[in-house]
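Summary of the model geometry
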Amino acid sequence: MAALEHFWNAWASARHDIVLIVCGSATSWMMDKLINNHGGLHNRLTQRIFLAPFNLLECEAFLQRKGFFFSRYEIAVCYMIMGGIPYYLDMLETRMSLAQNIDYLLFRPSGALSGEFNNLYSALFVNSDDYVAIVHSLSTRRAGLTRNEIIAATGIASGNALTTMLRNLEACGFIRAYRQFKAGRGNDIVYQLIDFFTLFYFRFMNSRDVVWQCEALQSKAEFYMWAGLTFELLVLHHVRLIKRKLSIEGVLSREYTWRCVDAAGGAQVDLVIDRADNTVNLCEIKFSINTFEIDKAYEANLRNKLAQFMRLTAMKKSLQLTLVTTYGVSPGIYSGLVSNQVTLDDLFA
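Residues numbered from 1 in each chain as written. Predicted model: local features only at pLDDT ≥ 70, side-chain atom pairs only at ≥ 80, totals over all residues. Heavy atoms only, no water.

Thoughts on the pattern of salt bridges
Per the stated rule, a full pass over the model turns up 13 salt bridges. Asp345 serves as the salt-bridge partner of Arg72, at 3.2 Å between the closest nitrogen and oxygen. In this pair, Arg72 sits in helix 4 (residues 72–82) while Asp345 sits in the segment after strand 8 (340–342), placing the two residues 273 residues apart along the sequence. For Asp345, a relative accessible area of 47% translates into the label partly exposed. (Salt bridge = Lys/Arg side-chain N within 4 Å of Asp/Glu carboxyl O. Helix = DSSP H or I, 4+ residues; strand = E, 2+ residues; numbered from the N terminus. Buried < 20%, exposed > 50% of the residue type's maximum accessible area, 1.4 Å probe, protein only.)

Here we look at the packing of helix 7 (residues 116–124) against helix 11 (residues 196–205)
Relative orientation of the contacting elements helix 7 and helix 11 amounts to 135 degrees, with a least axis distance of 10 Å. Between helix 7 and helix 11, the interaxial angle falls into the category oblique. Both helix 7 and helix 11 take part in a crossing whose hand is left-handed. Contacts between helix 7 and helix 11 involve Glu116, Phe117, Asn118 and Tyr121 on the former and, on the latter, Phe197, Thr198, Tyr201 and Phe202. Its residues assigned to classes, the contact of helix 7 with helix 11 comprises 5 nonpolar, 2 polar and 1 charged. (Axes fitted to C-alpha atoms, helices over the stretch in contact; angles between N-to-C directions. Parallel < 35°, antiparallel > 145°, perpendicular 65-115°, else oblique. Left-handed = near helix turned anticlockwise from the far one by under 90°. Contact = heavy atoms within 4.5 Å. Nonpolar A, V, L, I, M, F, W, Y, C, P; charged D, E, K, R; others polar.)

Regarding the pairing of strand 7 (residues 318–325)
With 8 bridges connecting them, strand 6 (residues 279–286) and strand 7 associate as parallel partners. Bridge pairing in strand 7 links Cys283 to Thr322. For the crossover that starts at strand 6, traverses helix 14 (residues 296–313) and ends in the parallel strand 7, the hand is right-handed. The sheet contact formed by strand 7 and strand 8 spans 3 bridges and is parallel. Across the sheet, Val324 pairs through a bridge with Val342, a residue of strand 8. (Pairing = 2+ DSSP bridges. Right-handed = clockwise from strand over helix to strand, strands pointing away.)

With respect to the packing of aromatic side chains
Evaluation of the coordinates by the stated rule reveals 26 aromatic pairs. Here Tyr121 and Phe125 contribute two aromatic rings whose centre-to-centre distance is 6.0 Å and whose plane-to-plane angle is 40 degrees, an arrangement assigned as tilted. In this pair, the class of Tyr121 matches that of Phe125, namely buried. Here Trp258 and Phe309 contribute two aromatic rings whose centre-to-centre distance is 5.2 Å and whose plane-to-plane angle is 80 degrees, an arrangement assigned as edge-to-face. Of the two residues, Trp258 sits in strand 4 (residues 253–260) while Phe309 sits in helix 14, which places them 51 residues apart along the sequence. Overall, Trp258 belongs to the buried group, its relative accessible area being 4%. Taking the ring centre of Tyr178 as reference, the NZ or CZ of Arg176 above it sits at 4.0 Å. One cation-aromatic arrangement involves Arg203 over Phe204; the distance from NZ or CZ to the ring centre is 5.2 Å. (Phe/Tyr/Trp six-rings, centres within 6.5 Å; stacked < 30°, edge-to-face > 60°. Lys NZ or Arg CZ within 6 Å of the ring centre and 35° of its normal.)

Considering the sheet that holds strand 2 (residues 175–179)
Pairing is antiparallel across the open sheet formed by 3 strands, whose spatial order is 1-3-2. The strands lining the two open edges of the sheet, one partner per strand, are strand 1 (145–146) and strand 2. For strand 2 and strand 3 (residues 189–193), the ladder comprises 5 bridges, and the chain directions are antiparallel. Bridge pairing in strand 3 places Ala177 opposite Tyr191. This element, helix 8 (residues 128–139), spans strand 1, strand 2 and strand 3 of the sheet and lies at about 95 degrees to strand 3.

Remarks on helix 3 (residues 56–65)
Owing to its 3.6 residues per turn, the α-helix brings residues three or four apart onto one side. Of all the positions in helix 3, only Leu56, Cys59, Glu60 and Leu63 are classed as buried. Down the axis of helix 3, the buried side of the element spans an arc of 100 degrees, and every buried residue falls inside it. Where the residues of helix 3 are buried, they touch helix 4, helix 5 (86–89) and helix 12 (221–237). Of the residues that open helix 3, the one with a side-chain oxygen 3.2 Å from the backbone nitrogen of Leu57 is Asn55. Backbone geometry just after helix 3 places Gly67 at a positive phi near 100 degrees. (Arc of directions from axis to C-beta. Polar contact = N/O pair within 3.5 Å; in protein donor to acceptor, adjacent residues only side chain to side chain.)

Structure, rendered in structure tokens:
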């Protein structure tokens with residue numbers, strides 16, 4: 001590093017025909033040594049390139065170019081397992097179904113991705129065991145944990161080391177930090193695990209109780225429980241397209257989840273879009289293989305959420321109930337409560 005600092009400051013920086021591009025898998029090293037450098041390379045960066053994963057539409061185009069003809073439902077399930085990582089998607093074989101590909105790549109002892117989790121974190125981070133401990137703790141609660149809850153779950157001491165690890169995980173796209181809305185008191189920062197492959201690993205690949213076996217598991221409750229929770233994360237990754245569907249793409253907003261537990265009963269809203277135009281969209285997210293049907297019991301549940309949200313947040317803005325589903329909501333006597341609908345096709349826009 002000292003030699004690079006001297007080379008750049010003493011000679012290269014005075015020239016106009018040299019561009020230094022630093023890339024590699026050791027992300028934490030680059031974060032510590034270059035991006036957050038406090039020595040001779042401080043404030044020398046011209047540009048940071050964040051290589052984001054594919055979105056759903058880009059995954060569809062990529063797979064079609066490879067000769068796949070997956071339905072959008074299958075592409076969504078694939079995304080919820082692998083994320084939008086081209087390196088993983090490029091390993092899929094057209095001669096196999098999606099379930100067979102997952103078996104072949106992830107669950108076969110010699111599968112190309114069977115040891116990917118350990119390899120990934122070891123390559124990205126120094127002291128990877130602590131990073132794995134953090135993401136494992138976050139995998140246990142889908143809405144995320146506060147810093148103090150992470151400390152309690154992992155035993156990692158509070159301090160600069162933990163701050164650095166959380167910052168690096170966020171910079172790499174494994175977690176996100178957001179403020180959960182709580183009326184009447186400070187809004188704690190919550191750290192949420194948002195990496196699809198990591199979540200799938202802890203749910204199925206690292207579990208001795210569940211075995212992913214081709215088509216079999218996809219007909220079981222374990223699959224639908226996982227898919228229902230992970231579909232919420234898929235929606236979060238494409239929230240810009242939800243705003244486009246609602247014609248509010250140009251409206252300033254912030255997004256968060258909301259939950260409460262009190263004497264009047266618990267309630268949770270999967271996604272809150274708090275808009276600057278004096279309106280709030282309360283988004284219910286439902287994964288289904290068919291159009292979603294609202295029955296009397298579920299309508300009562302929705303009304304309770306609206307009432308609890310208004311009561312506990314003292315919200316004065318207009319509320320709109322929005323359902324985000326795979327195939328839309330079936331018309332019925334209980335569907336009138338829904339103001340807006342967003343479907344899986346809208347997430348491919």
